[in-house]
Amino acid sequence: MKLKKIFTSLSLLLLLLGMGSAQAADLRVGVEGAYPPFSWKESDGTLKGFDIEIAEAVCAELKRKCVLVEQDWDGMIPALLARKFDTIIASMSITEERKKRVDFSDKYYNTPAKFVAKKGSGLKISKSGLAGKRIGLQRGTTHQCFMEKMYPDVELVLYGTQDEVFQDLAIGRIDAQFSDSIAADDGFLKTDAGKDFEFIGGDQHDEACHGPGAGMAVRKQDTQLRDDLNKAIKAIRANGVYQKINAKYFEFDIFGG
């Protein structure tokens, strides 16, 4: 009887150790792969970008294998809740609305949003200036919240990806677009398609919609993972890894004040 109890206890211990090893081995990270320069996919299917390298750096700091899982933006939070992956590292802004469903790490960057329109368009960024104009943006983002709140008289044209927004702006289907300024600059203005376009109206921000910056989302019950991610973000900022990744994509520190 004692031997049976010992065997049962050993089996349980080995099972728990095995579960712990598996947990330490893999960190499944939800990424978009369609939001340059933060994430995109090469022709061979390789994922590249700032978010991708930050995810890999965080995994390395946590000594866990990074498993990147592609997910369309609209389904990011539902997929996290369905346990398709363990965390989202995909330029997801920390907002009160999203915090009703998921928890977030501290921010890992914060950049302003801006409008882009054709050079010489004469478009004025005001409620009267934008009234009736077709403004394109990615569906389900903080930018949609901002536009619906600040400019209720515009005609919002919503897209599944940021690339689709840029494509329609380039061919004149929309009057302007609204997005993260870095994504607009690197993903459009610095390309051939964007050479006849420019930022208009300066930085745009609303704390209620945009929040304090982009964080790494986790399920609410995964408090240990959230704390581990916070430690990892601080560590890669302290040891210079973050700055090296930052310098590959940007000419300034996008961490923000």
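No experiment lies behind these values; they were computed from the predicted model shown.

Caption draft 1: Looking closely at helix H7 (residues 162-170). By the burial criterion, the buried members of H7 are Gln 162, Val 165, Phe 166, Asp 168 and Leu 169. Down the axis of H7, the sector holding all buried residues measures 165°, keeping them to one side. Phi turns positive one or two residues past the end of H7, at Gly 172, with a value near 85°.

Caption draft 2: Main features of the confidence of the model for the chain. For the chain, per-residue confidence averages 92 on the pLDDT scale, and 91% of positions sit at 70 or higher. This stretch, residues 17-23, has a pLDDT under 50; its non-local contacts, to residues over four places away or in other chains, come to 1 contact.

Caption draft 3: Representation of the sheet that holds strand E6 (residues 87-93) in the model. Reading across from one edge, E5-E1-E6-E13-E7 is the order of the 5 strands in this open sheet, with mixed pairing throughout. Of all the strands in the sheet, just strand E5 (65-70) and strand E7 (103-104) have a single pairing partner and so form its edges. Inspection of the sheet shows E7 paired to strand E13 (residues 214-218) by 2 bridges, in the antiparallel sense. Note that in E13 the partner of Phe 104 across the bridge is Ala 217.

Caption draft 4: Summary view of the state of the cysteines. Summed over all chains, the structure comprises 1 disulfide. Here Cys 145 is linked by a disulfide to Cys 209, with a sulfur-sulfur distance of 2.0 Å. Residues Cys 145 and Cys 209 share a disulfide whose torsion about the S-S bond is about -70°; that sign makes it left-handed. Taken together, the positions of Cys 145 in helix H6 (residues 142-150) and Cys 209 in helix H9 (residues 207-210) put the pair 64 residues apart, joining distant regions of the chain. For Cys 145, a relative accessible area of 31% puts it in the partly exposed group.

Caption draft 5: The arrangement of the environment of Lys 127 in detail. Looking at the element boundaries, Lys 127 is found in helix H5 (residues 127-130). When sequence neighbours within four positions are dropped, the list of residues in contact with Lys 127 reads Met 150 and Tyr 151.

Caption draft 6: Looking closely at the side chain of Lys 107. The residue Lys 107 is located in the loop between E7 and strand E8 (113-118) in this model. Although Lys 107 is buried, it forms no salt bridge, and the closest oppositely charged side chain is Asp 253 at an N-O distance of 8.0 Å.

Caption draft 7: Structural context of the packing of aromatic side chains. A complete count under the given rule lists 18 aromatic pairs for this structure. For the ring pair Phe 50 and Phe 250, a centre distance of 5.4 Å and an interplane angle of 65° mean the geometry is edge-to-face. With Phe 50 in helix H2 (residues 50-62) and Phe 250 in the segment after helix H11 (241-249), this residue pair connects regions lying 200 residues apart in the sequence. On the numbers, 4.5 Å between centres and 35° between planes, the contact of Phe 115 with Phe 178 is tilted. Within this pair, whereas Phe 115 is found in strand E8, its partner Phe 178 is found in strand E11 (residues 176-180), the two being separated by 63 residues in sequence. Residue Phe 115 shares its accessibility class with Phe 178, and that shared class is buried. Here the aromatic residues Tyr 35, Phe 38, Trp 40, Phe 50, Tyr 108, Tyr 109, Tyr 242, Tyr 249, Phe 250 and Phe 255 are joined through ring pairs into a cluster of three or more.

Caption draft 8: Main features of the pattern of salt bridges. Enumeration according to the criterion identifies 18 salt bridges in this entry. The partner of Arg 28 in a salt bridge is Asp 86, with the nearest N and O atoms 2.9 Å apart. With a gap of 58 residues between them, Arg 28 in strand E1 (residues 26-31) and Asp 86 in the loop between helix H3 (76-81) and E6 connect regions that are remote in the sequence. Judged by relative accessible area, Arg 28 falls into the partly exposed class, the value being 27%. Its relative accessible area of 14% is what places Asp 86 among the buried residues.

Caption draft 9: A look at unusual backbone geometry. At the junction of Pro 36 and Pro 37, the peptide bond is cis and its omega measures out at 5° in the coordinates. Note on placement: Pro 37 falls in the loop between strand E2 (34-35) and strand E3 (39-41). One non-glycine residue, Arg 83, lies in the positive phi region at around 65°. Following the sequence through the fold, Arg 83 ends up in the loop between H3 and E6. Backbone geometry at Ser 91 places phi at a positive 55°, although glycine is not the residue there. Its location among the elements puts Ser 91 in strand E6. Residue class for Ser 91 comes out buried when judged on its relative accessible area of 11%.

What counts and how
Residues numbered from 1 in each chain as written. Predicted model: local features only at pLDDT ≥ 70, side-chain atom pairs only at ≥ 80, totals over all residues. Heavy atoms only, no water. Buried < 20%, exposed > 50% of the residue type's maximum accessible area, 1.4 Å probe, protein only. Helix = DSSP H or I, 4+ residues; strand = E, 2+ residues; numbered from the N terminus. Arc of directions from axis to C-beta. pLDDT = per-residue confidence, 0-100. Contact = heavy atoms within 4.5 Å. Pairing = 2+ DSSP bridges. Disulfide = S-S within 2.5 Å. Lys, Arg positive; Asp, Glu negative; His and termini not counted. Salt bridge = Lys/Arg side-chain N within 4 Å of Asp/Glu carboxyl O. Phe/Tyr/Trp six-rings, centres within 6.5 Å; stacked < 30°, edge-to-face > 60°.

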